[in-house]
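One letter stands for each residue in the lines below.
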Protein chains: 2
Amino acid sequence: MSFKVSAENALLGILMTGPKHGYDLHGYVSTKMNQFWDLSMSQIYALLKRMERNGVVVSQEEWQENRPAKNIFSITQKGKERFLRWVSTPVEHVRDVRIEFLAKLFFVRKLHLKEGLTLIDKQIDVLQEKLRVIENLKEKITDEFETVLYSFKASQTTAALNWLRECKASFSQDQKKGIG
Amino acid sequence: MSFKVSAENALLGILMTGPKHGYDLHGYVSTKMNQFWDLSMSQIYALLKRMERNGVVVSQEEWQENRPAKNIFSITQKGKERFLRWVSTPVEHVRDVRIEFLAKLFFVRKLHLKEGLTLIDKQIDVLQEKLRVIENLKEKITDEFETVLYSFKASQTTAALNWLRECKASFSQDQKKGIG
DNA sequence: TTTAAAATATTCCAAATTGGAATAAGAATC
DNA sequence: GATTCTTATTCCAATTTGGAATATTTTAAA
């Protein structure tokens, strides 16, 4: 999953909250998602152009009196489907948790999607399998540097798994509160 | 520290073991460093060209009978100094440990550099400070998602610190063995 | 009050990066 | 013998990158 695809989906996620123009999207990322995501103005416009070509957004120019005209982008049905598929798919690697998985979690919460617990469970499954593979490899290697390397991978994966279990616990509490 | 600078320094590190041509450098990365580093053939040649412009390597064409000519690259004194500065500098973020710090550790061991323990100590200091900042911020936030976010950062940083301490222990043993 | 800086909103721009393919011939495999 | 792989480097075109440019209004600073 390349950064480009994730970035498109993040913009789709923001547009799930309502139509926005490029400058506004940039403001949203810079203020509400800045702790785990960064997109330059150029990137946003380049992404939006390609996204419109791909039919996941449509734009409408809006004239205003004392300011440059805005190009308001709205998400299409195709865009919604694509976003929902993305947001409910676990990331493949620990290294993708810090940005991509956190973005998914952000949108799950922000949009009150019911896929939250499922996403976390699926993510736990993916990382447990990764950990199993790592521990397996660890037993087979003899080179000292490789031992260090896989030890690092194992420790990061274990920490991520523990964190995910915490997420699951606090998310379950949120769901209960929702019912009450 | 951008990927480009790290990649240049990794190539310098390989050239510390002796002169090599581009194709050979690619082979080295693909076989001996492939678990934590990946460089395409294009990237290698683009990097080498820039590095020669910057005076950290020099090249000499070597004709061979049944094969295309090779361009053998050697590291300059300037290149050595740059490499040694890089290899003894801790990385700034946890996210840089998985590639850049591991590369530094790889070269420290491969080249029997005496900077190993110092590097690990310095890296521990950097990450402890990071952890302090994270824990500090954690106490100040009220937003639930941010709590989750910083909890993740803290857990990854803690795991990396624990791993570094293990590295330090096993590296100290290596040093003792060296004396004996 | 005047001047300077920031905001609004999008496009422009040129250098760098990317992910192969191309090149030509020998060596290895089927 | 035919096919595929290896050797070694350059070529290539699309994409990405990191701002600047644009023109005007609004806001902040002097």
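Residues numbered from 1 in each chain as written. Chains lettered and ligands numbered in written order. Predicted model: local features only at pLDDT ≥ 70, side-chain atom pairs only at ≥ 80, totals over all residues. Heavy atoms only, no water.

What about the packing of aromatic side chains?
Residue and element names in this part refer to chain A.
Here is step 1: Per the counting criterion, the structure on display carries 16 aromatic pairs over all chains.
Here is step 2: Pairing Phe83 with Trp86 gives two aromatic rings, centres 6.0 Å apart and planes at 45°, and the pair type is tilted. Taken together, the positions of Phe83 and Trp86, both in helix 4 (residues 77-87) and three residues apart, correspond to about one turn of that helix.
Here is step 3: Judged by relative accessible area, Phe83 falls into the buried class, the value being 0%. (Phe/Tyr/Trp six-rings, centres within 6.5 Å; stacked < 30°, edge-to-face > 60°. Helix = DSSP H or I, 4+ residues; strand = E, 2+ residues; numbered from the N terminus. Buried < 20%, exposed > 50% of the residue type's maximum accessible area, 1.4 Å probe, protein only.)

Some details on the protein's contact with DNA strand D
Here is step 1: With respect to spatial proximity, 17 residues lie near DNA strand D, and among them Ser42 and Arg50 of chain A together with Tyr45, Gln64 and Asn71 of chain B are the closest.
Here is step 2: Of everything in DNA strand D that lies within 4 Å of the protein, sugar and phosphate atoms constitute 63%.
Here is step 3: Between a base oxygen of DNA strand D and a side-chain N or O atom of Arg67 of chain A, the distance comes to 3.4 Å.
Here is step 4: Among the secondary structure elements, those contributing two or more residues to the surface near DNA strand D are helix 3 (41-53) of chain A together with helix 2 (22-32), helix 3 (41-53) and strand 3 (70-75) of chain B.
Here is step 5: No other element matches helix 3 of chain A, which puts three residues into the surface near DNA strand D.
Here is step 6: Residues that form the surface near DNA strand D fall into these classes: five nonpolar, seven polar and five charged. (Near = heavy atom within 4 Å. Polar contact = N/O pair within 3.5 Å; in protein donor to acceptor, adjacent residues only side chain to side chain. Nonpolar A, V, L, I, M, F, W, Y, C, P; charged D, E, K, R; others polar.)

A few points about the domain arrangement of chain A
Residue and element names in this part refer to chain A.
Here is step 1: The domains assigned to chain A are domain 1 (3-87) and domain 2 (110-179).
Here is step 2: The gap between the C-alpha centroids of domain 1 and domain 2 is 30 Å.
Here is step 3: Of the roughly 430 Å² buried between domain 1 and domain 2, counting both surfaces, carbon and sulfur atoms make up 76%.
Here is step 4: Taken together, the links from domain 1 to domain 2 amount to zero salt bridges.
Here is step 5: Applying the counting criterion to the domain 1 and domain 2 interface returns zero residue pairs in polar contact (both at pLDDT 80 or more).
Here is step 6: Among the elements that make up the side of domain 1 that touches domain 2, the one with the highest residue count is helix 4 (three residues).
Here is step 7: Its residues assigned to classes, the side of domain 1 that touches domain 2 shows five nonpolar, two polar and no charged. (Domains from an automatic or database assignment. Buried area = accessible area lost by both parts, 1.4 Å probe. Salt bridge = Lys/Arg side-chain N within 4 Å of Asp/Glu carboxyl O.)

A look at the sheet that holds strand 1 (residues 20-21) of chain A
All names here are of chain A.
Here is step 1: The strand order 1-3-2 describes an open sheet built from three strands, whose pairing is antiparallel. If you trace the sheet from one side to the other, it starts and ends with strand 1 and strand 2 (57-62), each paired once.
Here is step 2: Where strand 1 meets strand 3 (residues 70-75), two bridges bridge the pair, whose relative direction is antiparallel. Residue pairing across strands places Lys20 opposite Phe73, the latter belonging to strand 3.
Here is step 3: Along the sheet, helix 1 (residues 3-15) contacts strand 1, strand 2 and strand 3; its crossing angle with strand 3, the most-contacted strand, is approximately 90°. (Pairing = 2+ DSSP bridges. Contact = heavy atoms within 4.5 Å. Axes fitted to C-alpha atoms, helices over the stretch in contact; angles between N-to-C directions.)

Considerations on the protein's contact with DNA strand C
Here is step 1: The immediate surroundings of DNA strand C are formed by 17 residues, with Tyr45, Gln64 and Asn71 of chain A together with Ser42 and Arg50 of chain B found nearest.
Here is step 2: Sugar and phosphate atoms represent 61% of those atoms of DNA strand C found within 4 Å of the protein.
Here is step 3: Arg50 of chain B is positioned such that a nitrogen or oxygen atom in its side chain is 2.9 Å from a phosphate oxygen of DNA strand C.
Here is step 4: Those elements that place two or more of their residues in the surface near DNA strand C are helix 2 (22-32), helix 3 and strand 3 of chain A together with helix 3 of chain B.

Description of the pattern of salt bridges
Residue and element names in this part refer to chain A.
Here is step 1: With the rule as written, the count across this model stands at ten salt bridges over all chains.
Here is step 2: When the shortest N-O distance is used, the salt bridge between Lys104 and Glu100 registers 3.5 Å. Separated by four residues within a single helix, Lys104 and Glu100 lie in helix 5 (residues 97-110), roughly one turn from each other. Each member of the pair, Lys104 as well as Glu100, carries the same accessibility label: buried.
Here is step 3: Across the salt bridge formed by Glu129 and Arg132, the nearest N and O atoms sit 3.0 Å from each other. Of this pair, Glu129 and Arg132 are both found in helix 6 (residues 116-140), three residues apart, which corresponds to roughly one turn of the helix.
Here is step 4: Its relative accessible area of 40% is what places Glu129 among the partly exposed residues.
Here is step 5: Residue Arg132 is classed as partly exposed on the basis of its relative accessible area of 46%.

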